[in-house]
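Residue-level structural notes
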Amino acid sequence: MKACLLRSARDLQLSELPDPEPGPGQVVVRLGAGGICGSDLHYYANGGNGDFLLREPLVLGHEVAGEVAAVGREVRSLKVGERVAVNPNHPCGQCRPCLAGRRNLCQNVVFYGSAARFPHVQGAFADFFLANEENCFVVPEDFPYRVAACAEPLAVALHALEQAGSVDGKSVFVAGSGPIGVLLCAAARLAGASRICTSDLLDEPLAIARSMGATESINVTDQPGRIEELAHGRGVFEVALEASGHPSGLEAALALVEPGGSIVQVGNLPRGKIAAPLGKLVAKEIRLAGSFRFDGEYARAVDLLKTGRMDVTPMLTHEFTFADLVPAFATAANKRVAMKVSLRPS
Ligand code: ZN
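Residues numbered from 1 in each chain as written. Predicted model: local features only at pLDDT ≥ 70, side-chain atom pairs only at ≥ 80, totals over all residues. Heavy atoms only, no water.

**Focus on the coordination of the zinc ion**
We apply this condition: Metal donors were taken as nitrogen, oxygen and sulfur atoms no farther than 2.8 Å from the ion, or 3.2 Å where the ion is Na, K or Ca. Water is excluded, so coordination may look unfinished. Each label reflects the angles at the metal, where four donors whose angles all fall between 85 and 135 degrees are tetrahedral, four or six donors whose opposite pairs open beyond 155 degrees and whose other angles stay between 65 and 115 are square planar or octahedral respectively, and the rest are irregular. Think of it in three bands: with a 1.4 Å probe and only protein chains considered, a residue is buried below 20% of the maximum accessible area for its type, exposed above 50%, and partly exposed in between.
Protein-derived ligands of the zinc ion are Cys92 (SG), Cys95 (SG), Cys98 (SG) and Cys106 (SG), with the metal-ligand distances lying across 2.3 to 2.4 Å. Coordination at the zinc ion comes from 4 donor atoms whose angles at the metal span 104 to 121°, giving a geometry best classed as tetrahedral. Of note, the zinc ion draws all its donor residues from one chain, in the sequence arrangement C-x2-C-x2-C-x7-C. Its relative accessible area of 25% is what places Cys92 among the partly exposed residues. Since its relative accessible area comes to 7%, Cys95 is described here as buried.

Below you can see the structure in the form of structure tokens.
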């Protein structure tokens, strides 16, 4: 089979790998479509993602959906030919966070397309990949693969929103209108938020954010003073969700959230120390929480997509086949033209 194999920074090639064989409780999934994620782009551009450096060739990809192509022994709930969204997260179930019900923080997690462990966990941008039965969520037979593949980033957004508590009837600020930012806007809208303001450096992603639920938007490049103006002194938003991963996004959140409000940091901040006016945490008694990946939110994300309660089509800007692998990654890295790039074998 063919797989999208990264050997080092910018050396990404369609390579021949052996077809996978399902073990007990496993299925082989034929890839329908996969979304290129920011972490895939980091591995491609830098040969690593934060602290996780490439030490051997890595098949990228973890936002995936496909068709069950073969089932292993002891698989009861899936049949060959069924379409599935596949949760890339495999917690151990044994460690302290897992036993405490916080499986997204598993200390021994296996996650597709990640160099966090060695040997690396291979990803799912391949003609075929292995999945555990319990990680597969069936979708209707005519359901678009690239929509089903969005269950993964949507689960990230749902988990982050969960950290903020109820947003029903509340005002919400979302820093950064990348894929997670626009999904946060959509999820906040669905959860009943009354006002959803989002920011970005570019107009194009802000337009997508507005079509997915944001009620207002700020281009911080064109309107550098707008955050301060909007804050009206001590802040006017009850909740801020930081999805840009840039220290300036956290600074905006600290300015815009009102006394007693909360901030959820979901964007990956740069390694090392960052500067932020944290005195506001005390003066405004702000609760600041981090959010990492997801757990049970994956099933909820699939359900929201399947039932049409969440429409992600405005963010699905491009689709490429494996034959155009490098142009697909180049397009995904261009935030002015692309929001979410989908990749399919042919
Ligand atoms: Zn665990």
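After that view of the structure, there is still more to cover.
**Looking at the side chain of Asp40**
The line we're drawing: A run of H or I in DSSP becomes a helix once it reaches four residues, and a run of E becomes a strand once it reaches two; helices and strands are each numbered from the N terminus. Within this scheme the basic residues Lys and Arg register as positive and the acidic residues Asp and Glu register as negative, but His and the chain ends are omitted. Criterion for a salt bridge: a side-chain nitrogen of Lys or Arg within 4 Å of a carboxyl oxygen of Asp or Glu. The contact criterion used throughout is that any non-hydrogen atoms of two residues lie within 4.5 Å.
Here Asp40 lies in helix α1 (residues 38–46). The buried charged residue Asp40 lacks any salt bridge partner; its closest oppositely charged side chain belongs to Lys340, at an N-O distance of 6.9 Å. Not counting residues up to four positions away in its chain, the partners in contact with Asp40 are Gly35, Leu60, Gly61, His62, Phe125 and Phe329.

**Details of the sheet that holds strand β1 (residues 2–8)**
Strand-to-strand pairing in sheets goes through backbone hydrogen bonds, with the strands running parallel or antiparallel. Heads up, the rule is: Two strands are counted as paired when DSSP detects at least two bridges linking them. Simply put, an axis is a line fit to the C-alpha atoms, just over the touching stretch for a helix, and the angle between two N-to-C directions goes from 0 to 180 degrees.
One open sheet accounts for 3 strands, arranged β2-β1-β6; its pairing is antiparallel. Edge positions in the sheet fall to β2 (11–16) and β6 (58–59), since each of these pairs with one other strand and no more. On the sheet, helix α11 (residues 325–332) packs against β1 and β2 and is oriented at approximately 140° with respect to β2.

**Some details on the domain arrangement of the chain**
Spelled out, the test is: Domain delimitation follows an automatic or database domain assignment. Simply put, the buried area is the total loss of 1.4 Å probe accessible area from both parts when two parts are fitted together. Pairing of N or O atoms within 3.5 Å defines a polar contact, subject to two protein rules: one partner must be a possible hydrogen donor and the other a possible acceptor, and residues neighboring in sequence count only if both atoms are side-chain atoms. Ten residues, namely Ala, Val, Leu, Ile, Met, Phe, Trp, Tyr, Cys and Pro, are considered nonpolar, four, namely Asp, Glu, Lys and Arg, are considered charged, and the remaining ones, Gly among them, are considered polar.
According to the domain assignment, the chain contains domain 1 (2–150 + 312–344) and domain 2 (154–290). Taking both partners together, domain 1 and domain 2 bury about 1100 Å²; carbon and sulfur atoms supply 67% of that area. Contact with domain 2 buries area across many residues of domain 1, yet Met315, Arg336 and Met339 alone supply 46% of it, more than any other trio. Across the domain 1-domain 2 interface, the total number found is 2 salt bridges. Residues Asp51 and Arg271 are paired through a salt bridge, measuring 2.7 Å at the closest nitrogen-oxygen approach. Viewed at the interface, domain 2 and domain 1 are joined by 3 residue pairs in polar contact (both at pLDDT 80 or more). Classifying every residue of the side of domain 1 that touches domain 2 by side-chain character gives 5 nonpolar, 3 polar and 4 charged.

**Comments concerning the layout of surface pockets**
Any space left empty among the atoms is revealed by the rolling of a water-sized probe across them. Rules: Lining residues are defined by having an atom within 4 Å of a point belonging to a cavity or pocket. Those points lie on a 1 Å grid over the protein atoms alone, cavities being sets where a 1.4 Å probe fits but cannot get out and pockets being open sets with protein on both sides within 12 Å along at least five of seven lines. Grid points are joined across faces, edges and corners, and a volume is the space filled by probe spheres set on the points.
Put simply, the second largest pocket is a space of about 310 Å³. Considering the residues around the second largest pocket, the lining is formed by 17 residues, among which Tyr112, Gln122, Gly123, Phe129 and Leu130 are closest to the centre. Of the residues forming the lining of the second largest pocket, the biggest block, 5 residues, is contributed by strand β11 (residues 128–132). For the lining of the second largest pocket, a count of residues per class yields 12 nonpolar, 5 polar and no charged.

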